[in-house]
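Listed here are the chains, written in short residue letters.
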Amino acid sequence: MKKVIANREIDVNEEGYLVDFKQWDREVCECIAGECNVVMTEKHWEVIEYLQDKHHKDEPLSIRGIKKSGVINIKEFYELFPGGPLKKSTLIAGIPKPKSCI
Amino acid sequence: MKNLVILGAGTSGTMMANHLVSKLPKKDWKITIVDQYKTHYYQPGFLFLPFDTYTEDQVKKEGKKFIPKGVYYIQKKIDKILPEENKVALEDETLSYDILIVATGSKIAPDETDGLLGPLWKKDIFDFYTYEGALALRNKLREWEGGKLVVHITEMPIKCPVAPLEFAFLADSYFKNKGMRDKVDITYVTPLDGAFTKPTCTKALNYLLKEKQIKIETDFAIMEVDNDKKAIVDYVDREIPFDLLVTVPTNMGDEVIERSGLGDDLNFIPTHKHTLQSKAHENIFVIGDATNLPASKAGSVAHFQAETLTDNIILYTKGFKLKQEFDGHANCFIETGNNKALLIDFNYDQEPVHGTFPFAKIGPLKLLKESVFNHWGKLAFRWIYWNMLLKGIPIPFVGRNMSFKGKKFDIKADN
Ligand SMILES: Cc1cc2nc3c(=O)[nH]c(=O)nc-3n(C[C@H](O)[C@H](O)[C@H](O)COP(=O)(O)OP(=O)(O)OC[C@H]3O[C@@H](n4cnc5c(N)ncnc54)[C@H](O)[C@@H]3O)c2cc1C
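Residues numbered from 1 in each chain as written. Chains lettered and ligands numbered in written order. Predicted model: local features only at pLDDT ≥ 70, side-chain atom pairs only at ≥ 80, totals over all residues. Heavy atoms only, no water.

In the nomenclature of an unreviewed UniProt entry, chain B corresponds to Sulfide:quinone oxidoreductase from the organism Algibacter luteus.

The name given to chain A in an unreviewed UniProt entry is tRNA 2-thiouridine synthesizing protein E, with the source organism recorded as Algibacter luteus. Of chain A, the UniProt comment under Subcellular location (unreviewed entry) reads exactly: "Cytoplasm". Heading Sequence similarities (unreviewed entry) of the UniProt record for chain A holds this comment: "Belongs to the DsrC/TusE family." (UniProt positions renumbered as here; feature names shortened; annotations may be inferred.)

Residue and element names in this part refer to chain B. This structure, assessed with the given rule, holds 22 aromatic pairs over all chains. Aromatic side chains Phe 128 and Phe 167 sit 4.8 Å apart centroid to centroid with 25° between the ring planes, which places their arrangement in the stacked category. Taken as a pair, Phe 128 in the loop between β11 (125–126) and α2 (131–143) and Phe 167 in helix α3 (residues 163–177) lie far apart in primary sequence, 39 residues in all. Here Phe 128 falls in the buried class, since its relative accessible area comes to 2%. (Phe/Tyr/Trp six-rings, centres within 6.5 Å; stacked < 30°, edge-to-face > 60°. Helix = DSSP H or I, 4+ residues; strand = E, 2+ residues; numbered from the N terminus. Buried < 20%, exposed > 50% of the residue type's maximum accessible area, 1.4 Å probe, protein only.)

Let us look at the pattern of salt bridges. Taken as a whole and assessed by the stated rule, the structure comprises 38 salt bridges over all chains. The partner of Asp193(B) in a salt bridge is Lys87(A), with the nearest N and O atoms 3.7 Å apart. With one member in each of two chains, Asp193(B) in the loop between β13 (184–189) and α4 (199–211) and Lys87(A) in helix α5 (residues 85–93) form a pair that bridges those chains. Here Asp193(B) falls in the partly exposed class, since its relative accessible area comes to 40%. Lys229(B) is the salt-bridge partner of Glu239(B), the closest N and O atoms lying 2.8 Å from each other. One end of the pair, Glu239(B), is in strand β17 (residues 239–241); the other, Lys229(B), is in the loop between β15 (222–226) and β16 (231–234), and 10 residues separate them in sequence. With a relative accessible area of 39%, Glu239(B) lands in the partly exposed category. (Salt bridge = Lys/Arg side-chain N within 4 Å of Asp/Glu carboxyl O.)

Overall, the coordinates contain 0 disulfides over all chains when judged by the stated rule. The cysteine Cys31(A) is free of any disulfide, with Cys29(A) supplying the nearest cysteine sulfur at 9.5 Å. Unpaired in terms of disulfides, Cys160(B) finds its nearest cysteine sulfur in Cys332(B), a separation of 5.9 Å. (Disulfide = S-S within 2.5 Å.)

Turning next to the interface of chain A and chain B. For interface size, the figure often reported is the accessible area lost on association. On the chain B side, the residues contacting the 15 residues of chain A number 27 residues. Counting the surface lost from both chain A and chain B, the interface buries some 1900 Å², and carbon and sulfur atoms represent 50% of this. In this structure, the connection of chain A to chain B is made through 6 salt bridges. The closest approach of N and O atoms between Arg64(A) and Glu112(B), which form a salt bridge, is 2.8 Å. Where chain A packs against chain B, one counts 5 residue pairs in polar contact (both at pLDDT 80 or more). Of all the secondary-structure elements, those providing two or more residues to the side of chain A that touches chain B are α3 (63–67) and α4 (74–80) of chain A. (Contact = heavy atoms within 4.5 Å. Buried area = accessible area lost by both parts, 1.4 Å probe. Polar contact = N/O pair within 3.5 Å; in protein donor to acceptor, adjacent residues only side chain to side chain.)

Moving on to unusual backbone geometry. Residue and element names in this part refer to chain B. Here Met 156 and Pro 157 are connected by a cis peptide whose omega angle stands at 0°. Mapped onto the secondary structure, Pro 157 falls in the loop between β12 (147–153) and α3. Backbone torsion omega between Phe 357 and Pro 358 reads -5°, so that peptide bond is classified as cis. Tracing the sequence through the fold places Pro 358 in strand β23 (residues 354–359). Although it is not a glycine, Leu 276 adopts a positive phi angle of roughly 75°. Relative to the helices and strands, Leu 276 is located in the loop between α5 (255–259) and β20 (284–286). Note on Leu 276: relative accessible area 0%, which makes it buried. Positive phi values are uncommon outside glycine, yet Leu 368 reaches one of about 60°. If you trace the backbone, Leu 368 turns up in the loop between β24 (363–367) and α7 (372–389).

As a further point, take the packing of helix α2 (residues 42–56) of chain A against α5(A). When two helices pack together, you describe them by how their axes are tilted relative to each other and by the distance separating the axes. All names here are of chain A. Between α2 and α5, the shortest axis-to-axis distance is 9 Å and the interhelical angle comes to 85°. When the axis of α2 is compared with that of α5, the two are roughly perpendicular. Every residue of α5 that contacts α2 at Ile 48, Leu 51 and Gln 52 is listed here: Ser 89, Thr 90, Ile 92 and Ala 93. Among the residues forming the contact of α2 with α5, the class breakdown is 4 nonpolar, 3 polar and no charged. (Axes fitted to C-alpha atoms, helices over the stretch in contact; angles between N-to-C directions. Parallel < 35°, antiparallel > 145°, perpendicular 65-115°, else oblique. Nonpolar A, V, L, I, M, F, W, Y, C, P; charged D, E, K, R; others polar.)

All names here are of chain B. Close contacts around the ligand come from 30 residues, with Thr 11, Ser 12, Asp 35, Ile 78 and Ser 300 the closest. Between Asp 254 and the ligand, the recorded distance is 3.1 Å, taken from a side-chain N or O atom to a nitrogen atom. In the model, an oxygen atom of the ligand is placed 2.9 Å from a nitrogen or oxygen of the Gly 299 main chain. For the ligand, the protein covers 94% of the area, taking 1000 Å² as the surface of the free molecule. A per-class count over the shell around the ligand returns 11 nonpolar, 11 polar and 8 charged. Split by domain, the residues of the shell around the ligand number at least three in each of domain 1 (2–105 + 254–317) and domain 2 (110–250). (Near = heavy atom within 4 Å. Areas by Shrake-Rupley, 256 points an atom, 1.4 Å probe, with all protein chains shown as cover. Domains from an automatic or database assignment.)

Quick look at the structure:
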């Protein structure tokens, strides 16, 4: 599926998650954040980088992982990305939605 | 003489002992299995204990009875794995190994959640993931007069991810049969965004919750249990009050994994998802709940893994390349109450779908649809478990890899 983000055609899945991380950049990121009603701050960027780093190392993402991230605590995580913080932050970070590991 | 050591004589370890004893040449290999307990529990039965459906005797047997002749059984606590020395330290002796299979499972860690082990633990707060917990809950339910029942999952992954939902369904039936359903308010609380862990299931099965008048709270990441207010509280200060809390605490691998420096945050061992070899050491293999694989932590999954792992162990002993075979295949019955059940079949990539099982068009089991047949299937699983599964006897017609025959790929996962 294609979606126009930041005046560019970006490949996304049915839920809007980027399919190809190479198409992600700060502009795309800010656009998606805007759609989620999130205004990016220094702290947001720090979290996004942490998530991308974990993803590229193939390490699963979880709320528990955030607790041990050293970047922020869970309460702050919820404040930065209200609603479902993991779902939103990964969407903004251009990486897949964490699987629930059934 | 070479040594193959299996750690843990639960579902997976016992299956591996039974598979390998006939496949590894006796003159070359000594097989040893270690477990701390005398008793082997049929954990799927813990779901039924609280409702007086099963008795204590139906869910436990002496573990040694299932270990085949020719395998050395040691009943001791495992203290530490020393991968650099190819040794395992038990409480009072040390074993050397050429190949190690880790099958130490996972268990609840209630101390991971603030307030869970507070004054209400085992008074108004129970787990049913342990034998003791399930029995204590049974005794509570026998005399409980009703109120707010909250069924809760702390965080994923948990073993048998559908068990908490089954608990809620069975509770609905249980209270109906006792003629007190109107006195009980059931709420299901999950950290996920839907009742089922798989989106296609949520779509096909959400009607069940409505039908049974079970309320649902999603995206709930618990911060603490407030013992004074009798409520669970999440990180955005959402409070859910309870009179009786049935929770599935955080599931973690055994401490021995942490002591040995082999695990992740939750003491699960990083494992290659198609071969079951550990990522850090080529002569250490991992099976069942002890792995970090994105597959269900379930006995049926361990059963499929055991077949692949057996082949890979043999290949490894002969110096061949391992098979990239295991596909995350899971096959689970879901009890829905009133003597009915559902069946779901899926793998790493393929979401559960409608259709028939195990034979295309014929069944007799129906995928993703409630039926009495499926319920019998679930009850039969106990017999199959003790008499076939543990002994490594293949379950007829059900292959280690997921089959696409008889399945309708009709529900898209879009939520
Ligand atoms: C309530 C409930 C319902 C379930 N329902 C189903 C179902 O319907 N279908 C299904 O397929 N699965 C179900 N399961 C899951 C299933 O029981 C597990 O996935 C399965 O038992 C995993 O097997 P395992 O060998 O990996 O771990 P286990 O069977 O838990 O075995 C681990 C063994 O290792 C031993 N051990 C661990 N650490 C040490 C140590 N340090 N020293 C010595 N010994 C040690 C333990 O004593 C234990 O015997 C259910 C589980 C629960 C709790």
